[in-house]
Amino acid sequence: MTGLAGTRRLTRLALRRDRVQLPVWLAALTLLEYGSAVSIVEGYADPAERTAFVVTSANNAALLAFNGLVSGDSVGATIASQVLLIMLVGAAAMSTLTVVRHTRQNEETGRAELIGSAPVGRHAPLTAALIVAAGANLVLGVLAALALVACGLPAGGSAASGVAVAGTGIAFAALAAIAAQLTSGARAANGLAAAAIGAAFLLRGVGDATGDVRGVRVDPGWASDLSPIGWAQRIRPYDGDHWIVLLPLLALTAAAAAAAFALAARRDLGAGLLADRPGPPRAGRGLRSPLGLAWRLQRGVLLGWVVAVVVVAAGMGGVGDAVGDVVASSDAVADAIGRLGGGGSPVDAYFAAVLSLVGVAVAGYAVQALQRLRTEEGGPLEPVLATATGRPRWLAGHLLIAAAGVVLLLAVAGATTGLVYAAATGGNWHLTGTLTAAALVRAPAALVLAGFAVAAFGLLPRLVTAITWAVFAACLLLGQIGQLLNLPAAVLDASPFSHVPAAPVAPVTAAPLVVLTVVAAALTATGFAAFRRRDIG
Amino acid sequence: MTPVIDIAGLVKTFGTTRALDGLDLSVEPGEVHGFLGPNGSGKSTTIRVLLGLLRADGGRAALFGADPWRDAVALHRRLAYVPGDVNLWPNLTGGEAIDLFGALRGGLDETRRARLLDAFDLDPAKRCRTYSKGNRQKVALVAALAADVELYVLDEPTSGLDPLMEATFTDCVRELRDAGRTVLLSSHILAEVEKLCDRVSIIRAGRNVEAGTLAELRHLTRTAVSADTERPVTGLAGLPGVHDARVTGTRVAFDVETAALESALRHLLPFGVRALTSTPPTLEELFLRHYAGAR
Ligand SMILES: Nc1ncnc2c1ncn2[C@@H]1O[C@H](COP(=O)(O)OP(=O)(O)O)[C@@H](O)[C@H]1O
Ligand SMILES: [Mg+2]
């Protein structure tokens, strides 16, 4: 078929462009699976404790909604109930970004036009993108299964876990391919596909939370039947391994891919099926400055993060009460959470642990927001700096939005967690202030990563994407599983988050926060100085 | 009077590539200066040094008598720039981008903005991602030409424009010249520069090959003529200013220097001219002819 001519070459090109990003995704998700599995294998070695934990999880709607389907009380099944959902969402996110990057983003930047004029078939770019995404998911599935086998779990259930992850990732790759046909911008396509992932997550959450509980097993409600993530969970790894759920996933993949190819054949290169509405012919007051421009370019990302943080924080607050029960019923969990959170009352320890995770995630926002610097440099920065806008002023605009975003997101996370917890427990309203303050304690560490991104942008602009995300992934992994893996203290201390007081359970001392702020400022200053001195382009 | 642009011995290297290799360029106030060179010869690099976007490795570059690297912000209030490769924000409309550039520069002339949008037939309510290359170019042109400044730096400003819009652009530059503004116009098309420029600098591989007024550079511009005659043409090769005369039967083709064009045509007439075409030389042909192996 001539429509596919050149697919092999485009696939190789895509793999080359992704030679850093995809390995980072695969390594991060695999380590997450492995680290979580190890912590459960060690923390719940006692079957009675494990069963108690599983029964509590199965009987708490909020835990079900945010952690995933509970099915069985073997070690493997317990692991699946805690990590499978995150892995499914992670695979879907990796797929979306990969497919959009190699389809719509290429069209938006005009690269596709160049490719289209070479002897390349009409369907080759989409095919190549799907091949790369599917390949990455297959590798992820195998790695995830091997990580579980390495923890001494049965091969059958580990394979089922891996297959669920790969199957879900591939299905969302096909859905992202549709999104890439509909919109004419890569950001909008990513947003649409992210909305699909969010909807699938929520539908499944509602289904799981409203399901029937039979001992250590939950039969999800009908809402879960509407969600591909809900289907994938129903493979129930280590609890029967119901391979049959692969069929609907495969059917969805085939249908979505066929739809994407049909849509691609009906539209012009560069155009989207959802028409672009005309916009304002004049710039508003707010846009007419470097800061206004930075806000306009960044606000979409920030808004997306606010929504995500509210949803996740509501979940964290909602399960707080139940976590207190779980912790009280298990020495091992109390111990594990205590290690993450530093001791104190179980609920406070839980909040300290989740807020630490939020702190790292919000640093991820800062890193994502500051990728804009490099995007702009590859785009319209040159004519902007040829106006009376100096380099520091332009850079400061973007940094200000990113830094203010960090503070806003942390405050929103703390306040939402506290409000929902208070509402769920019918009291404890004063905790809202405490948790907001506790969340904000994470700000200096998150700003260290922002400062690092600015420094990298000034000193090593060509590598900024790769190294900032690599450092972020390292911080995430060190924080989540560094202690469980018994890494040496020197390695753990490399992450700024290792120095953050574990509020609200541990007392807040000023010294580490001051030092982190100074480090963030020094990194930022280094970035500004280097950016003033280097060539643009 | 201090020159608006004064560059001497400019050197810029990218790794092992020597993009500028001792380049000179001088532009006087009120002149439209053509900056000619084939692709990759260093025009955009020179302009980026002038705008303080790149730091020179050697030589001297002055803009309005000041250092373009150190005094970038102050100098930029006095100039407007159209980049060689126009990138805009996909989510902003063309009108928003024009206003934004205007505001960042310190204001734009509202009547000029309206007139230019009309002249270039540009819809300012469309998102930049939906514009074609030509329309993106128009956004950059309107944003720059609507500014009321002393110097306009235009890097291959007509790439992507159709002939009608090229004519509109030509009119705009003539207006600027009549208003006494200075224009640096880079191009790789000789004919475009001939139409508009008072003086021309020609560069190749980061070095000057010629500079002067168009009259001084006339010896460079040969016209390629081919004709169909009733009788075979004779005696053409001996004429002054005629080169590469080739006669095959009743077809004749030759290159002629602009100054000798009239005498060459007179020579043809007695042979009964049935058809005649003439093409101005492209810059590439000119380089092939004059500077082959000049590297
Ligand atoms: N940022 C850069 N990095 C490496 N090489 C560059 C860079 N910019 C320009 N060059 C090289 O410098 C030379 C001159 O380029 P340029 O100034 O863009 O030429 P022109 O504008 O005349 O077409 C070319 O060989 C080009 O490849
Ligand atoms: Mg150029």
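Residues numbered from 1 in each chain as written. Chains lettered and ligands numbered in written order. Predicted model: local features only at pLDDT ≥ 70, side-chain atom pairs only at ≥ 80, totals over all residues. Heavy atoms only, no water.

1. Considerations on the overall build of chain B
Working step 1: Helix and strand counts for chain B come out as nine helices and 13 strands.
Working step 2: Expressed along its principal axes, the backbone C-alpha trace of chain B runs to roughly 65 × 45 × 35 Å.
Working step 3: For chain B, with 295 residues in total, the buried portion stands at 51%.
Working step 4: Long-range contacts, defined here as pairs at least 24 residues apart, represent 67% of the contacts in chain B between residues at least 6 apart.
Working step 5: Roughly 12,500 Å² of accessible area belongs to chain B as shown, and the carbon and sulfur atoms make up 51% of that amount. (Helix = DSSP H or I, 4+ residues; strand = E, 2+ residues; numbered from the N terminus. Buried < 20%, exposed > 50% of the residue type's maximum accessible area, 1.4 Å probe, protein only. Contact = heavy atoms within 4.5 Å. Areas by Shrake-Rupley, 256 points an atom, 1.4 Å probe, with all protein chains shown as cover.)

2. Remarks on the site of ligand 1
Residue and element names in this part refer to chain B.
Working step 1: Taken together, Phe14, Ala19, Pro38, Asn39, Gly40, Ser41, Gly42, Lys43, Ser44 and Thr45 form the complete shell of residues around ligand 1.
Working step 2: At 2.9 Å from an oxygen atom of ligand 1 is found a main-chain nitrogen or oxygen belonging to Lys43.
Working step 3: Thr45 places a polar side-chain atom, nitrogen or oxygen, 2.5 Å from an oxygen atom of ligand 1.
Working step 4: Compared with its free state, where it exposes 560 Å², ligand 1 has 64% of that area covered by protein.
Working step 5: Considering every element that reaches the shell around ligand 1, the biggest residue donor is helix α1 (residues 43-50), with three residues.
Working step 6: Residue classes in the shell around ligand 1 are distributed as three nonpolar, six polar and one charged. (Near = heavy atom within 4 Å. Polar contact = N/O pair within 3.5 Å; in protein donor to acceptor, adjacent residues only side chain to side chain. Nonpolar A, V, L, I, M, F, W, Y, C, P; charged D, E, K, R; others polar.)

3. Some words on the confidence of the model for chain A
Working step 1: This prediction gives chain A a mean pLDDT of 90; 94% of its residues lie at or above 70.
Working step 2: Across chain A, helix α19 (residues 443-459) of chain A holds the top mean pLDDT of 98, while helix α14 (residues 331-341) of chain A sits lowest at 57. (pLDDT = per-residue confidence, 0-100.)

4. Quick notes on the confidence of the model for chain B
Working step 1: Summing up the model confidence of chain B, the mean pLDDT is 91 and the portion of residues at 70 or higher is 94%.
Working step 2: Here helix α9 (residues 283-291) of chain B stands out as the least confident element of chain B, with mean pLDDT 65; strand β6 (residues 151-155) of chain B is the most confident, with 98.

5. Remarks on the side chain of A:Ser95
Residues and elements named next belong to chain A.
Working step 1: Within the secondary structure layout, Ser95 lies in helix α5 (residues 75-102).
Working step 2: A relative accessible area of 1% means that Ser95 is categorised as buried.
Working step 3: A polar side-chain atom of Ser95 sits 2.7 Å from a polar atom in the side chain of Asn137.
Working step 4: Discounting residues that sit within four places of it in the chain, Ser95 has contacts with Asn137, Gly169, Ile170, Phe172 and Ala173.

6. Structural notes on the pattern of salt bridges
Working step 1: Scanning the entire structure with this criterion turns up 32 salt bridges over all chains.
Working step 2: The closest approach of N and O atoms between A:Glu107 and A:Arg267, which form a salt bridge, is 2.7 Å. Linking A:Glu107 in helix α6 (residues 104-109) with A:Arg267 in the loop between α12 (246-266) and α13 (290-329), this pair joins segments that are 160 residues apart in sequence. In this structure, A:Glu107 and A:Arg267 share a single accessibility class: buried.
Working step 3: Residue A:Arg282 pairs with B:Glu110 through a salt bridge whose shortest N-O separation is 3.0 Å. Of this pair, A:Arg282 sits in the loop between α12 and α13 while B:Glu110 sits in helix α4 (residues 110-119), on two different chains. (Salt bridge = Lys/Arg side-chain N within 4 Å of Asp/Glu carboxyl O.)

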